[in-house]
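# Examination of the molecular architecture
If you want the building blocks of each chain, they are given just below.
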Amino acid sequence: MTDTYLDLVSTGPGAALAGRLGLPRPVRLRRHDPAAPLVPGPVLVLGRGPDADRIAEALLDWDLDVRRRAEGAGRLGAVLLVLADLEAPGGLQEPALALGAVLRQLAPGGRVVTVSRPAPGVGAGAASATPAAAEPLPPAVAAARQAVVGLLRSVAQELRGGATANGVLLADGVGPTAPGVLGALRFLLSGRSAFVSGQFVTVGGTTGTLPADWEAPLAGRVAAVTGAARGIGAQIARTLAAAGARVVVVDVPAAGEPLAALANELHAVALQLDVTDEHAGRRVLAAARERFGHLDVVVHNAGITRDKLLANMDEARWASVLAVNLEAQLRMNEQLLAGEGLGEAPRIVCLASTSGIAGNRGQTNYAASKAGVIGMVAAAAPLLAARGGAINAVAPGFVETEMTARIPAARRQVARRLNALQQGGLPVDVAEAVLYLASGAAAGVNGQTLRVCGQNLVGA
Ligand code: NAD
């Protein structure tokens, strides 16, 4: 599961050789380190008007070195482009070129983040269509807003050195310093979003409270993680526990041993349970209540693949993938939301996949199940909002786990290079996105699917 090519080009001679041969030159990504600063240098806020001023001021609260001019700033840790008041495509030229002029100053692992408004009815990503507004926008305004998406996604592909570019979309009525906007900005500036690039987070509301302690955003919360015995699920459980949550880890009885070891490590409750059990939701609730009194966060991570071309697909392969990846999530959510289910401001995070967005040869069953998750999350959002909570999905691209280690070596080598960061993600990259969506930092973010894929270059 190690990426030996990345190891090789991380050495001086290896990098020089790859450069001479025109080969990809992935670098080690800047990941969260509580001892390191939030961003690796000054934060330049570009954009005129009160919105840019208010954001610049808000960032000072995080002890960032905030600049309004690039001159004299040296290597920049991040550039924020505030475009919340665009009214016509012509308005994008000056800020776009101003961004271009400073990109060479961006430090390795740096960040570009746009703050703009969505074009209602148009998906910023296939997976996160923004709701249609009651009053349609003038075409020029919608064009300008959507133009930001094209700009940002292309910038993300032009960046090197492990830098990323993402955007925050403010729904109408959401101001530039609403809690959810600051929460999204912090996630996207930080090393927690290392493998997220070319993506947009829509903040649809102004309610919610940011975590009091950014290192313990789940303090006092109880979380259950399914499929937690290994891979991404085990890392999600570790990351949520490190963020202060008390955890219930769930996996099939056959994975009882590694599950018990993880539970030991995290002082968590281990629950041997197949998520396709008809009482799975109730059993998870009961286990959490018995030990901790309540359950606030559920991460539907358990998932399987049974790949075959559709022409060769059999009933068992189709049915088992749909049952574990989608139908179990639907049934469990019904039970979790019935009567006295989840606690206050509940948060559900579901694992989707970029295969569910772009499709993937040999994965009709898997892609159908993961696309179904994306649809389910969008439709269930109002149910969660009514309880002050939220449901969102994370769609990983290529992540280095036992699941992807089964892909034949040559295909695996190609698959992990085909994104803007030229490498596979690590389970921790997915876990950090799950943590963000499970915490108060994601205030006002509901019904969305966040891709953690290093900006896949093919398909999606
Ligand atoms: P994995 O196969 O390494 O781990 C999956 C875990 O889920 C295992 O511990 C397994 O025992 C458990 N599980 C399977 N069926 C279960 C059931 N019926 N009840 C309870 N537990 C069950 O997979 P992973 O790579 O860690 O993937 C985790 C999630 O992320 C899955 O939903 C997967 O589809 C999704 N995902 C992974 C990738 C990737 O590149 N690895 C990409 C996109 C999406």
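Residues numbered from 1 in each chain as written. Predicted model: local features only at pLDDT ≥ 70, side-chain atom pairs only at ≥ 80, totals over all residues. Heavy atoms only, no water.

### Let's talk about the pairing of strand β12 (residues 390–396)
Condition: Note on classification: 1.4 Å probe, protein chains only; a residue is buried when its accessible area is under 20% of the maximum for its type, exposed when over 50%, partly exposed between these limits. Segments assigned H or I by DSSP are reported as helices when at least four residues long, segments assigned E as strands when at least two residues long, and all are numbered from the N terminus. Should DSSP find at least two bridges between two strands, the strands are regarded as paired.
With seven of seven residues buried, β12 lies mostly within the body of the structure. Along β12, one buried face is formed by A390, N392, V394 and P396 and the opposite face, lined by I391, A393 and A395, is buried too. Note: strand β11 (residues 347–351) against β12, five bridges, orientation parallel. Residue pairing for β12: C350 is matched across the bridge by A393. Both β12 and strand β13 (residues 449–452) contribute to a ladder of four bridges, which runs parallel. Residue pairing for β13: A393 is matched across the bridge by T449.

### Let's talk about helix α10 (residues 315–337)
A turn of α-helix holds 3.6 residues, and therefore any two residues three or four places apart point the same way. As a reminder of what qualifies: One less than the residue count of a helix, multiplied by 1.5 Å, gives the span that helix is expected to have. By definition, a residue's bend is the angle between the axes fitted to the seven residues ending there and the seven starting there.
The end-to-end C-alpha distance of α10 is 31 Å, a good match for the 33 Å that 23 residues give at a rise of 1.5 Å each. Considering bend angle alone, the principal kink of α10 is centred on A323 and spans about 45°. Once α10 finishes, G339 follows within two positions and takes phi at roughly 45°, a positive value.

### A look at the site of the ligand
Defined as follows: Any residue with a non-hydrogen atom lying within 4 Å of a molecule or strand is treated as near it. The method behind every accessible area is Shrake-Rupley, applied with a 1.4 Å probe, and residues are considered shielded solely by the protein chains displayed. The nonpolar class holds Ala, Val, Leu, Ile, Met, Phe, Trp, Tyr, Cys and Pro. Asp, Glu, Lys and Arg form the charged class, and all remaining residues, Gly among them, are polar.
In the region of the ligand, 27 residues are neighbours, and R230, D251, N301, Y366 and T401 sit closest. Taking 830 Å² as the accessible area of the ligand by itself, protein coverage stands at 93%. Listed by contribution, the elements that provide at least two residues to the shell around the ligand are α7 (231–242), α12 (364–385) and α13 (402–405). For the shell around the ligand, a count of residues per class yields 15 nonpolar, eight polar and four charged.

### Points about the environment of P34
Relative to the assigned elements, P34 resides in the loop between α2 (12–21) and β1 (43–46). Taking the relative accessible area as the measure of exposure, P34 reaches 60% and is therefore exposed. Separated by 181 residues in the primary sequence, P34 and E215 have C-alpha atoms spaced 7.4 Å apart.

### Here we look at the packing of helix α9 (residues 280–292) against α10
Definition in use: For every element, the axis is a line fit to its C-alpha atoms; helices are fit only across the contacting stretch, and the angle between N-to-C directions ranges from 0 to 180 degrees. Small angles under 35 degrees read as roughly parallel and large ones over 145 as roughly antiparallel, with 65 to 115 read as roughly perpendicular and the rest as oblique. For any helix crossing, the convention is left-handed if the near helix is rotated counterclockwise from the far helix by under a right angle, and right-handed if that rotation is clockwise. Contact definition: two residues touch when any of their heavy atoms are within 4.5 Å.
It is the contact of α9 with α10, at a shortest axis distance of 7 Å, that shows an interaxial angle of 50°. Between α9 and α10, the angle falls in the class oblique. Once α9 is placed against α10, the crossing between them reads as right-handed. Every residue of α10 that contacts α9 at A280, G281, R282, V284 and L285 is listed here: M332, Q335 and L336. Grouping the amino acids of the contact of α9 with α10 by side-chain chemistry returns five nonpolar, two polar and one charged.

### Things to note about the sheet that holds strand β2 (residues 66–67)
If you walk across this open sheet you meet the six strands as β2-β1-β3-β4-β5-β6, and the pairing is parallel. Edge positions in the sheet fall to β2 and β6 (200–203), since each of these pairs with one other strand and no more. Where strand β4 (residues 106–116) lies against strand β5 (residues 164–170), six bridges are found, and the strand directions are parallel. Within β5, the position partnered with V112 by the bridge is A165. Taken strand by strand, helix α4 (residues 93–102) contacts β1, β3 (76–82) and β4, and its axis lies near 175° from that of β3.

### Structural notes on unusual backbone geometry
Positive phi is not limited to glycine here, since A345 has a value of about 45°. A345 sits in the partly exposed class, given a relative accessible area of 31%. You will see that Q422, though not glycine, has its phi angle at about 60°, which is positive. Residue position: Q422 is located in the loop between α14 (409–417) and α15 (427–438).

### Considering the UniProt feature "domain: Ketoreductase" (unreviewed entry) in the chain
Counted only if it meets this: UniProt positions are given in the numbering used here, feature names are shortened, and annotations may be inferred rather than shown by experiment.
This chain's UniProt record puts "domain: Ketoreductase" (unreviewed entry) on residues 221–397. Secondary structure over residues 221–397 splits into 48% helix and 18% strand, and the C-alpha atoms at its two ends are 28 Å apart.

### Side note on the packing of aromatic side chains
Remark: the centre distance and the inter-plane angle together describe each pair of aromatic rings, the angle taken between the planes. Defined as follows: Stacked, tilted and edge-to-face are the three classes applied to pairs of Phe, Tyr and Trp rings, where Trp contributes its six-membered ring and a pair requires centres within 6.5 Å; stacked means planes under 30 degrees apart, edge-to-face means over 60, and tilted covers the rest.
Here the structure, examined in full by the defined rule, presents two aromatic pairs. Between the aromatic rings of W62 and W214, the centroid separation amounts to 6.0 Å while the plane-to-plane angle is 80°, which identifies the pairing as edge-to-face. Residue W62 is found in the loop between α3 (50–60) and β2, and its partner W214 is found in the loop between β6 and β7 (222–226); the two are separated by 152 residues along the sequence. The buried category is assigned to W62, whose relative accessible area is 17%.

### A word on the sheet that holds β11
If you trace the seven strands from one edge of the open sheet to the other, you get β9-β8-β7-β10-β11-β12-β13, paired in parallel fashion. A single partner strand is all that each edge strand has here, and the edge strands are β9 (269–272) and β13. Taken pair by pair, the neighbouring strands of this sheet meet at an average axis angle of 20°, ignoring direction. In the sheet, strand β10 (residues 297–300) pairs with β11 via four bridges, with the strands oriented parallel. Looking at β11, one finds that V298 is bridged to I348. In this fold α10 packs onto β7, β10, β11 and β12, with an angle of close to 170° to the strand it touches most, β10.

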